[in-house]
Amino acid sequence: TQGAWDGTVSPLVQLWGFGSAGGIEKVPDPRSIDRSLAEVGFEQIDLSVSGSLIKRKAGVSVDLGSIAKGYGVDAVAQLIRSMGFRDYLVEIGGEVYAAGRRADGKPWKVGINRPDPSAPIDAVHRALSLQGQAMATSGDYRNFIVIDGQAYSHIIDPRSGYPVDNGVVSASVIAPTCTLADGLATALMVLGPEQGVALLDRLNQVEGLMIVRRPDGKLHHYWSAGMDPQ
């Protein structure tokens, strides 16, 4: 993702009020953002031969919350698979893995929530078929803060230090594992539609849909090359 997804982004997440420290009442000043940026970057972490993580800088931390639900889905799916089940659906917090088929023999169909803060969680914008695949969705319409009338997304660009503001309201990724789909969905929110779809089209067995809200309020859909708009 060329830095669009970064598991060391925690200092910026905390600074913008989306971490354990709680919310904020004013936008962080540029100097504090620069200080936090200095503690962000996967290039500051090495993996030793023994499997230990080595930090190049003491202040660097690892926060894998953006792939945690996807990893949990994969772990539960593996457990179910090891027990001999072939047809099942695992869902944790909106992230999904679907194996086999439904009881009626048809492929599993999983809905993408309507990307609107006022939409109930069961409001389906699009439904996609899954078979032996995972799907994860990231969006800016559920978790955000408003300061002086301006909304700021919880998804922070690890490269700039600021919340994303590129019009992308939702990104859904279909991949072999939910961990991969989860991380890529977050990255697409940062990359924007053109770079995001280009990334999807470079990856094997990975497809996706990005939804962008235009200035007039209308939604525009960006599908990867292998996706059939449904």
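Preceding block: the structure.
A short tour of the structure in this document, coming up.

What counts and what doesn't
Residues numbered from 1 in each chain as written. Predicted model: local features only at pLDDT ≥ 70, side-chain atom pairs only at ≥ 80, totals over all residues. Heavy atoms only, no water. Helix = DSSP H or I, 4+ residues; strand = E, 2+ residues; numbered from the N terminus. Rg over C-alpha atoms; globule rule 2.2 N^0.38 Å. Buried < 20%, exposed > 50% of the residue type's maximum accessible area, 1.4 Å probe, protein only. Contact = heavy atoms within 4.5 Å. Areas by Shrake-Rupley, 256 points an atom, 1.4 Å probe, with all protein chains shown as cover. Lys, Arg positive; Asp, Glu negative; His and termini not counted. Charge placed at Lys NZ, Arg CZ, Asp CG, Glu CD. Core = buried A, V, L, I, M, F, W, Y, C linked by side-chain atoms within 4.5 Å. 1 Å grid on protein atoms, 1.4 Å probe; cavity = no way out; pocket = protein on both sides within 12 Å on 5 of 7 lines; lining within 4 Å. Points joined across faces, edges and corners; volume = space filled by probe spheres on them. Pairing = 2+ DSSP bridges. Axes fitted to C-alpha atoms, helices over the stretch in contact; angles between N-to-C directions. Arc of directions from axis to C-beta. Polar contact = N/O pair within 3.5 Å; in protein donor to acceptor, adjacent residues only side chain to side chain.

So, on to the overall build of the chain. Helix and strand counts for the chain stand at 5 helices and 12 strands. On C-alpha atoms alone, the chain measures out to a radius of gyration of 18 Å, which is about the 17 Å that the 2.2 N^0.38 rule sets for 230 residues. In terms of its C-alpha atoms, the chain occupies a principal-axis envelope of roughly 60 × 55 × 30 Å. When each of the 230 residues of the chain is scored for burial, the buried share is 43%. In the chain, of all internal contacts separated by at least 6 residues, the share reaching a separation of at least 24 is 57%. Surface exposure of the chain reaches about 12200 Å², of which carbon and sulfur atoms provide 53%. In the chain, the 21 positive side-chain charges and the 25 negative ones have mean positions that sit 4 Å from each other.

Now for the side chain of Ser-224. As for its position among the elements, Ser-224 is in the segment after strand E12 (219-223). What makes Ser-224 buried here is its relative accessible area of 2%. Leave out the neighbours within four places in its chain, and Ser-224 touches Val-197, Leu-200, Asp-201, Glu-207 and Gly-208.

Within the largest apolar cluster, 24 residues are counted, with the highest numbers of intra-cluster contacts made by Val-173, Leu-188, Val-206 and Met-210. Within the residue set of this core, elements represented by two or more residues are strand E10 (168-175), helix H4 (178-191), helix H5 (193-202) and strand E11 (207-213). The residues touching Val-206, leaving out its near neighbours within four places in the chain, are Val-173, Ile-174, Ala-175, Pro-176, Leu-180, Leu-184 and Leu-200. Counting residues in hydrophobic clusters, the runner-up holds 14 residues, among them Ile-112, Leu-128, Met-135 and Trp-223.

By volume, the largest pocket is sized at about 1000 Å³. Looking at the lining of the largest pocket, the elements with two or more residues in it are helix H3 (65-82), strand E3 (88-92), strand E4 (95-99), strand E5 (108-113), strand E7 (133-139) and H4. Empty space within the second largest pocket amounts to approximately 370 Å³. As for the second largest pocket, its lining consists of 18 residues, of which Asp-140, Ala-151, Ser-153, Val-164 and Asp-165 are closest to the centre. Elements supplying a minimum of two residues to the lining of the second largest pocket: strand E9 (150-153) and E10.

Moving on, we come to the sheet that holds E7. Backbone hydrogen bonds hold the strands of a sheet together, and the pairing may be parallel or antiparallel. Spatially, E3-E4-E7-E10-E11-E12 is the arrangement adopted by the 6 strands of the open sheet, whose pairing is antiparallel. The two strands at the open ends of the sheet, each matched to only one other strand, are E3 and E12. Looking at each pair of strands side by side, their axes are set apart by 10 degrees on average, direction ignored. With respect to the sheet, H5 is in contact with E10, E11 and E12, its orientation differing from that of E11 by roughly 175 degrees.

The phi angle of most residues is negative, glycine excepted, and most peptide bonds adopt the trans form. Unlike most non-glycine residues, Asp-148 shows phi in positive territory, near 55 degrees. By secondary structure assignment, the location of Asp-148 is in the loop between strand E8 (144-147) and E9. Residue Asp-148 is classed as exposed on the basis of its relative accessible area of 79%. The backbone of Gln-205 sits at a positive phi, close to 60 degrees, despite the residue not being glycine. For Gln-205, the location among the structural elements is in the loop between H5 and E11. For Gln-205, a relative accessible area of 67% gives the class exposed.

Our next topic: helix H2 (residues 30-37). Every buried residue of H2 is accounted for by Ser-32, Ile-33 and Ser-36. Taken around the axis of H2, the buried residues stretch over an arc of 100 degrees, which confines them to a single face. Exposed side of H2, more than 90 degrees from the buried face: Pro-30, Arg-31, Asp-34 and Arg-35 are the residues found there. Lining the buried residues of H2 we find helix H1 (10-15). A side-chain oxygen of the first residue of H2 lies 3.0 Å from the backbone nitrogen of Arg-31; this N-cap is Asp-29.

Looking at H5, one finds that the buried residues are Pro-193, Gly-196, Val-197, Leu-199 and Leu-200. Each buried residue of H5 lies within a common arc of 155 degrees when the element is viewed along its axis, so the set occupies one face. In H5, the exposed positions that point more than 90 degrees away from the buried face belong to Glu-194 and Arg-202. Elements that come into contact with the buried residues of H5 comprise E10, H4, E11 and E12.

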